[in-house]
Amino acid sequence: MTKESTEPKSDTIGSTNLLRRILKSTFWSCIFLVILLAVVLRFSFVQTFIALQFSEWFSQKYGVELSLRKIEINLFRGIRLEGLYFLDHHRDSLLVAENIHIDFRDIRPWAGVLKLKRVEVRDGFFKLHQYPGESDINIKVIIDRISPPDTVLDTVPAKPFH
């Protein structure tokens, strides 16, 4: 027997240990990044920055102006919006509110479920308006703009709003 056949291959063991260390480091790095992201996203100024970027994108994509001064998202207390201005397609006020607080009952985006528990609007107004020469009210025009072209409207009567 030769000396090579009785000794374990140190290259194989060394590369296995190296691979194990790399996988372990990668796993813990990913866990750290997820925790760091969760902590950073809890800050109101980070949430507001993201909301401002979203409102700018939304305004450019759909041709309606949406602006927001501040947003706070808390998984247990809901969402609070401050300084919301949403203008319709004629650049007239559709929704303006100094403070909106939204509590959710159920959120499952993968299933298309968003159930609200409570929406509280302070110092705000909502203006539905049908412009002369147009067949739809302003909110329907906005909904049509943001809805995908193949969206089918739900025509099943719902329970009355109380």
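First things first, this report covers the structure right here in the doc. It should be emphasised that the depicted structure is a prediction, and the values quoted were computed from it without experimental measurement. For every chain, the first residue of its written sequence is number 1, and the numbers climb from 1 along that sequence. Per-residue local features of the predicted model are confined to residues with pLDDT of at least 70, and side-chain atom pairs are confined, for both listing and counting, to 80 or more; whole-chain, interface and lining totals are unaffected and use all residues. Side-chain metrics rest on all non-hydrogen atoms present in the structure, leaving aside hydrogens and water.

Moving on, we get to the pattern of salt bridges. A side chain with one charge can pair with a side chain of the opposite charge if their charged atoms come near. What makes a salt bridge here is a side-chain nitrogen of Lys or Arg within 4 Å of a carboxyl oxygen of Asp or Glu, nothing more. Under the definition given, this model contains 11 salt bridges. Two residues, Arg-80 and Glu-72, come together in a salt bridge whose shortest N-O distance is 2.9 Å. With a 1.4 Å probe rolled over the protein chains alone, any residue whose accessible area is under 20% of its type maximum counts as buried; one over 50% counts as exposed, and the rest are partly exposed. Given the relative accessible area of 25%, Arg-80 is considered partly exposed. The residue Asp-106 makes a salt bridge to Arg-108 at a minimum N-O spacing of 2.8 Å. The class of Arg-108 is partly exposed, set by a relative accessible area of 32%. Residues joined in a network through salt bridges with shared partners are Lys-70, Glu-72, Arg-80 and Glu-82.

So, about the pairing of strand E3 (residues 78–87). In this description a helix means any DSSP run of H or I spanning at least four residues, a strand means any run of E spanning at least two, and both kinds are numbered starting from the N terminus. Counting buried positions along E3 gives eight out of 10 residues, so the element sits mostly inside the fold. Two strands form a pair only when DSSP identifies at least two bridges running between them. Examined bridge by bridge, strand E1 (residues 66–67) and E3 share two bridges and lie antiparallel to one another. Within E3, the residue paired with Leu-66 across the bridge is Phe-86. Where strand E2 (residues 70–74) and E3 come together, five bridges link them in antiparallel fashion. Residue pairing across strands places Ile-73 opposite Ile-79, the latter belonging to E3. Hairpin geometry of E2 and E3 is characterised by an intervening segment of three residues between the two adjacent antiparallel strands. From the end of E3 to the start of strand E4 (residues 93–108), which pair antiparallel, there are five residues, and Arg-91 there has a positive phi angle of about 60°.

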